[in-house]
There are 4 protein chains.
Amino acid sequence: MSKPEIGIGLVGSGFMGRCHANAFRSVAGLFDVPAEPRLRVLADASDELAADAALSLGFERGTGHWQALVADESVDIVAITAPNVLHAPIAQAAIAAGKTVYCEKPLSTTAVLALEMTEAAEAAGVITLVGFNFLRNPMIKLAREIITSGEIGEVTGFRGRHAENYMADPDVPHSFRTDPQGGGAVADIGSHIISMARYLLGPVAEVHADCRTIHETRPTAPGMTQRAPVEVDDMTHALVRFENGVSGSLEANWAATARTMDLSWEISGTKGALAFTQERMNELQLWSGAPERSGYTRIESGPSHPPYGRFCPAPGHHLGFNDLKVIEVAELLTAHSGGTPCGPDFREAYEVQRIVEAMQVSHAQRQWVNL
Amino acid sequence: MSKPEIGIGLVGSGFMGRCHANAFRSVAGLFDVPAEPRLRVLADASDELAADAALSLGFERGTGHWQALVADESVDIVAITAPNVLHAPIAQAAIAAGKTVYCEKPLSTTAVLALEMTEAAEAAGVITLVGFNFLRNPMIKLAREIITSGEIGEVTGFRGRHAENYMADPDVPHSFRTDPQGGGAVADIGSHIISMARYLLGPVAEVHADCRTIHETRPTAPGMTQRAPVEVDDMTHALVRFENGVSGSLEANWAATARTMDLSWEISGTKGALAFTQERMNELQLWSGAPERSGYTRIESGPSHPPYGRFCPAPGHHLGFNDLKVIEVAELLTAHSGGTPCGPDFREAYEVQRIVEAMQVSHAQRQWVNL
Amino acid sequence: MSKPEIGIGLVGSGFMGRCHANAFRSVAGLFDVPAEPRLRVLADASDELAADAALSLGFERGTGHWQALVADESVDIVAITAPNVLHAPIAQAAIAAGKTVYCEKPLSTTAVLALEMTEAAEAAGVITLVGFNFLRNPMIKLAREIITSGEIGEVTGFRGRHAENYMADPDVPHSFRTDPQGGGAVADIGSHIISMARYLLGPVAEVHADCRTIHETRPTAPGMTQRAPVEVDDMTHALVRFENGVSGSLEANWAATARTMDLSWEISGTKGALAFTQERMNELQLWSGAPERSGYTRIESGPSHPPYGRFCPAPGHHLGFNDLKVIEVAELLTAHSGGTPCGPDFREAYEVQRIVEAMQVSHAQRQWVNL
Amino acid sequence: MSKPEIGIGLVGSGFMGRCHANAFRSVAGLFDVPAEPRLRVLADASDELAADAALSLGFERGTGHWQALVADESVDIVAITAPNVLHAPIAQAAIAAGKTVYCEKPLSTTAVLALEMTEAAEAAGVITLVGFNFLRNPMIKLAREIITSGEIGEVTGFRGRHAENYMADPDVPHSFRTDPQGGGAVADIGSHIISMARYLLGPVAEVHADCRTIHETRPTAPGMTQRAPVEVDDMTHALVRFENGVSGSLEANWAATARTMDLSWEISGTKGALAFTQERMNELQLWSGAPERSGYTRIESGPSHPPYGRFCPAPGHHLGFNDLKVIEVAELLTAHSGGTPCGPDFREAYEVQRIVEAMQVSHAQRQWVNL
């Protein structure tokens, strides 16, 4: 007997749009999802762009008007990968239409807007999910299990970072990333390490951040020689205290020459420690040894770490980045059909955004900020 | 305008069958393939099994008779992931029907059979592809480019290995893997490092192998306490000489405790060197340094290494094992539609199998064997 | 013709005392030093202890009175490895006697005392050296050369740490380390990463630190069950700004489960980056690559990196920790004989101590502190 | 009370001579040796060279005649670091004089000579030691303990190598290394991995080797343009079977571009595995994990691994190459004074040399050779 269908509407067809489309296409062949996603509508900046993208990504039709997508009765889940500034209006319309909303991070350009979106979604009772894909890694789930189990004792220290080099070149032009409203490295990639820190260690109590703009001007647009000032940070170093008393540091850096994906952390406890870097995403380092056998053990991802086995029954066959998105979509489809709720939802994304803004405030005021 | 369609028939729905299905589902959303694959027919051991697998993997229909799949007019490409012993009859039927044949490795249980299949395919002029997926890694393509360019000088030495631990436990029972006809570690995974060695360094001139059975008996079947002798190797160490004069060693080992995917090699040349392990499949080590700056440089996969960019426009986002299969399928679809031919074809797979058998002969005779 | 001799007096025979003794014994066979050190006098807590230690470490005689050692005319260099609280009186006496003073870090228990010692030494014109041994590593010298040469462009970011686990156990008792006056992790090992940061990047402009005591009580002494409160930090995370505008973070942690010597840093510049950890002290990571060949290059220590060649003429033969002390002593002997001046001297050690205290003040006041 | 003295005579003052001298100078300050070594006589190619070297390395006097050194009554131990061709006459003279003989590897230029030396030493009852320094590493001792304890089960496979690049350049001239009598990579560095394999796994039963000369001519001497043929191997790959049934492979390679000290191995057993490389000599990788926690554990050298604690009481402070020689000398002095016997003695070195020659014979005859 055939499974029920879930209609997917996707807004945006860039980097993340393609990644969403691939996940929705693949998921039912890999996971035992309760319903089969159907790629109904793709919305983009114009009808023509949308038609092309729909064809290339396997959607039934395209539209230049996201409003039409949201209103389409065949669409059950609205996936938002549009520019950040459009997240709020699209999400609010989808919430009003009672749809499940699956939005890329950051949820919005300001915490205030993110809170409005959160409250609207909660009032409407719709399911929401924000795309902090790195949390889907089985190694990260394992890390949380190890921490929760008490295996590394009481956690004492945290040292985390998300460092990449995509803005290291001073001639990378202005874009939505450098828009003062909500932008900067701390928002763009700092949000990943913040969300991961919360996932692993719980709420943050206070922060003290030092934000820095390395390249003070950038070209106004691609190909332009005219330059305009940059008002956001390229690199932020911060002190952080969690509610459970753990203290540590945190870095967001998009001008980190030499780094392409150093979303990494080390967590120390009274009995053990864990370390991870997304640069080797299929490995988790665990320390729990006696003095004469000390040193980290490199745990490799495998079928013992669900849902790895959905992709491959044998160990040693690595997961890739796109697989994380498939896991995310599988959890979303399950939640949409009334199964296990999934997260991080809008409220969690709002909490992350509050921390980002607290860091910016802390920097401006040169003092600790409570959350 | 919609793309033309290519009908896919898949025989088998185990580990590799699922992997094929996923690749055919995903490929058109990631690659600009000339035609859209349609998942028409899935064949399995019974109608019932096939129907279930077809539903779960997204095929239009299932059949318990692979002959029906091969004969189906809507099927253009026959993908074979059935037990090794069935490769020959299915492939021969598909060749006879003029279909493109996409077969998992090993091509067949003996080199003689593999040669028959090769000659039949060549006589019929059909396109063939054998699933040596690890060759699809952009890092492996880069390695070949570096070698071919002369950047590491004249190649002098090779040290390769495929070591895993899936048969390390003496209580893993007999299966097709331990069938004397063509089985053993040297065939099962030795073929991977042999095909990679040929891909990087060209034809092998002679081999001398030492095969060893570590566990001399195994349970006759899962759950059985009765044990039967093992007639194939668990571990083979071999000396190898390539036609171009390079000398080296090669290991196949499925009882390598501690290893889950050590498909690895180091290649030394007069001016530089390269090293790789599938355990870190997104990295290639290159040495070309001056004495005071010596040491390997860790090259990370990224958009500079096609077709990585098809999966993600940014560096640092790893490819996974399943992505290799998507690349393989994209190349197959292109070749099927008259584009760039793809490989390794049946003849190449036959050449690999000849080397496997030469190793077995060498061990039995305790001497070098020419190819 | 025999070389002139330099008389060595060593105060203390613990961990560092033995290390000093070994360095003085070995140095003349490895380095072309201008004078031959003679191990004249060893001072320890009692005449008996001193006599035993003198015999075991190869000194001519022992004394229970460091004053006698300082006054001894055959002693040219006074090496101080006594408890921190004794550094000031011994050094002041040695300065008054016009001797070269070689003191272990920290220079003293407070910055005020360290400044007094510095000013006394400068007024007397004696040579001083403080044992920040990790700076002697040829890889660290190479890192400074690379930074100074401009090879990695303008430096933008710093992320440093010294983390060990020797106080991770709450039952490690009180000792000089936990003495409130000048103690704590930030002083004990934070001083190493601070001195290294200054060596590589120059003066620090301001700091903001968060100090934390993980274990709030410890046994009053070895073997005691009675516990007393701990008043110093176990772990400090800090923000740091250098005078040249570089910003970053810094951690000192002696309760870092899983770490035995993570004196490590990454330094990013506009054109490249460097990374190092003392856990692999014979390696320096350098990034200066084009996108398609990106990734760190692992530079291994070798004869191209002086004074490695003094220990071994071939690459690949690692230096060890004790070798760093030999290098330190070789530079001291050269300076003592009127050759190239050596550092870090007392003033530099005072500057490090000022930063340590600035961090403690910053924590207490919860605000940035200028230096 | 002062310790008794042992008189040291050293023949040779090159790379290894300096290393010996340093070890004899340092050892008594680090180890509780039963007697204090006194550096009496250094012999070199001429009186003048010897006098200079004696001064620089701390010996009492020099001589251009090793015969005088051997005959010197103040010399108890004769340390031989002269060219290989001189090992036999010097050692035989020292044996005849009843002295303890400490000889660098290879023991001699042929196995026949090595056997004569061995038999002479055994007949005379003198203590002998051959400088296979890498065996002194506490990590190697730990590896042997782990193997012997049964922790990794029954050993099944071995994969070892000693690869360096010091002869990779075709313009490195002829020297004692390329002398046909006993030379070549397999003798020069192959002997290290052979001795280590025997230390860890016991006697070798048979070998099959493939030797290759990469650079067929070399300059006749430094600075010469005239070239002469090379008659020894640059690179040898070999199959090996141990008496206990373990099978594996072994490589000796002095033209391994990119490698400076890849003396490395992996040993697999039925329950676990070990891996090591001299490039990270303070680390040993141990696998003994459950499936969900699999992966190697990186054991770092520390005070739990004697005699590490002799060099430093704290973990994380690396040993270096020269420290291995100090350990060797400490064991020699103990044995000389009637304490625990030390090895490898001449007989063990002869056994290693037999294997080297068996490999050369195997290559020439293209067949397995029994030992």
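Residues numbered from 1 in each chain as written. Chains lettered and ligands numbered in written order. Predicted model: local features only at pLDDT ≥ 70, side-chain atom pairs only at ≥ 80, totals over all residues. Heavy atoms only, no water.

### Observations concerning the environment of Thr236 of chain B
Residues and elements named next belong to chain B.
Alright, step 1. Looking at where Thr236 falls in the secondary structure, it is placed in strand S11 (residues 235-242).
Alright, step 2. Under the relative-accessibility criterion, Thr236 is labelled buried at 1%.
Alright, step 3. Not counting chain neighbours up to four residues away, the residues in contact with Thr236 comprise Val186, Ala209, Asp210, Cys211, Leu250, Glu251 and Ala252.
Alright, step 4. Polar contacts involving the side chain of Thr236 include one to the side chain of Asp233, which spans 2.7 Å. (Helix = DSSP H or I, 4+ residues; strand = E, 2+ residues; numbered from the N terminus. Buried < 20%, exposed > 50% of the residue type's maximum accessible area, 1.4 Å probe, protein only. Contact = heavy atoms within 4.5 Å. Polar contact = N/O pair within 3.5 Å; in protein donor to acceptor, adjacent residues only side chain to side chain.)

### A look at the interface of chain B and chain C
Alright, step 1. At the interface, 16 residues of chain B touch 16 residues of chain C.
Alright, step 2. Summing the contributions of chain B and of chain C, the shared interface buries around 1,200 Å²; its carbon and sulfur component is 41%.
Alright, step 3. Linking chain B with chain C are 0 salt bridges.
Alright, step 4. Where the side of chain B that touches chain C is concerned, the elements lending two or more residues are helix H6 (138-149) and strand S16 (297-300) of chain B.
Alright, step 5. Top contributing element to the side of chain B that touches chain C by residue count: S16 of chain B, with 4 residues.
Alright, step 6. Split by residue class, the side of chain B that touches chain C holds 6 nonpolar, 5 polar and 5 charged. (Buried area = accessible area lost by both parts, 1.4 Å probe. Salt bridge = Lys/Arg side-chain N within 4 Å of Asp/Glu carboxyl O. Nonpolar A, V, L, I, M, F, W, Y, C, P; charged D, E, K, R; others polar.)

### Quick notes on the pairing of strand S2 (residues 36-43) of chain D
Residue and element names in this part refer to chain D.
Alright, step 1. Here S2 lies mainly inside the structure; 7 of its 8 residues are buried.
Alright, step 2. Relative to S2, strand S1 (residues 5-11) runs parallel, the two sharing 7 bridges. By the bridge assignment, Glu5 is partnered in S2 with Glu36.
Alright, step 3. Taken together, the 3 bridges between S2 and strand S3 (residues 61-63) define a ladder with parallel strand orientation. When the sheet's bridge partners are listed, Val41 is paired in S3 with Arg61.
Alright, step 4. Remark: the S2/helix H2 (residues 47-57)/S3 crossover connection has right-handed handedness. (Pairing = 2+ DSSP bridges. Right-handed = clockwise from strand over helix to strand, strands pointing away.)

### A few points about the relation of the copies chain A and chain C
Alright, step 1. Superposing chain A onto chain C takes a rotation of 180° combined with a translation of 0.0 Å along the rotation axis, leaving an RMSD of 0.0 Å. The two molecules are tied by a two-fold rotation axis, judged by turn and shift. Distance from the rotation axis, computed per C-alpha, reaches its smallest value in chain A at Gln367 of chain A: 3.1 Å.
Alright, step 2. Looking at the interface residues of chain A, 100% of them are also at the interface in chain C, so both copies use one shared face. (Least-squares fit on C-alpha atoms with pLDDT ≥ 70 in both.)

### Details of the environment of Gly14 of chain D
Alright, step 1. Relative to the elements of secondary structure, Gly14 of chain D occurs in the loop between S1 and helix H1 (15-30).
Alright, step 2. The partly exposed category is assigned to Gly14 of chain D, whose relative accessible area is 38%.

### Points about helix H8 (residues 190-201) of chain A
All names here are of chain A.
Alright, step 1. Over its 12 residues, H8 extends 16 Å from the first C-alpha to the last, a length consistent with the 16 Å expected when each residue adds 1.5 Å.
Alright, step 2. Along H8, 12 of the 12 residues are buried, which leaves the element largely enclosed by surrounding structure.
Alright, step 3. All buried positions along H8 are accounted for by Gly190, Ser191, His192, Ile193, Ile194, Ser195, Met196, Ala197, Arg198, Tyr199, Leu200 and Leu201.
Alright, step 4. Positive backbone phi, at 90°, marks Gly202, one or two positions downstream of H8. (Expected span 1.5 Å × (residues − 1).)

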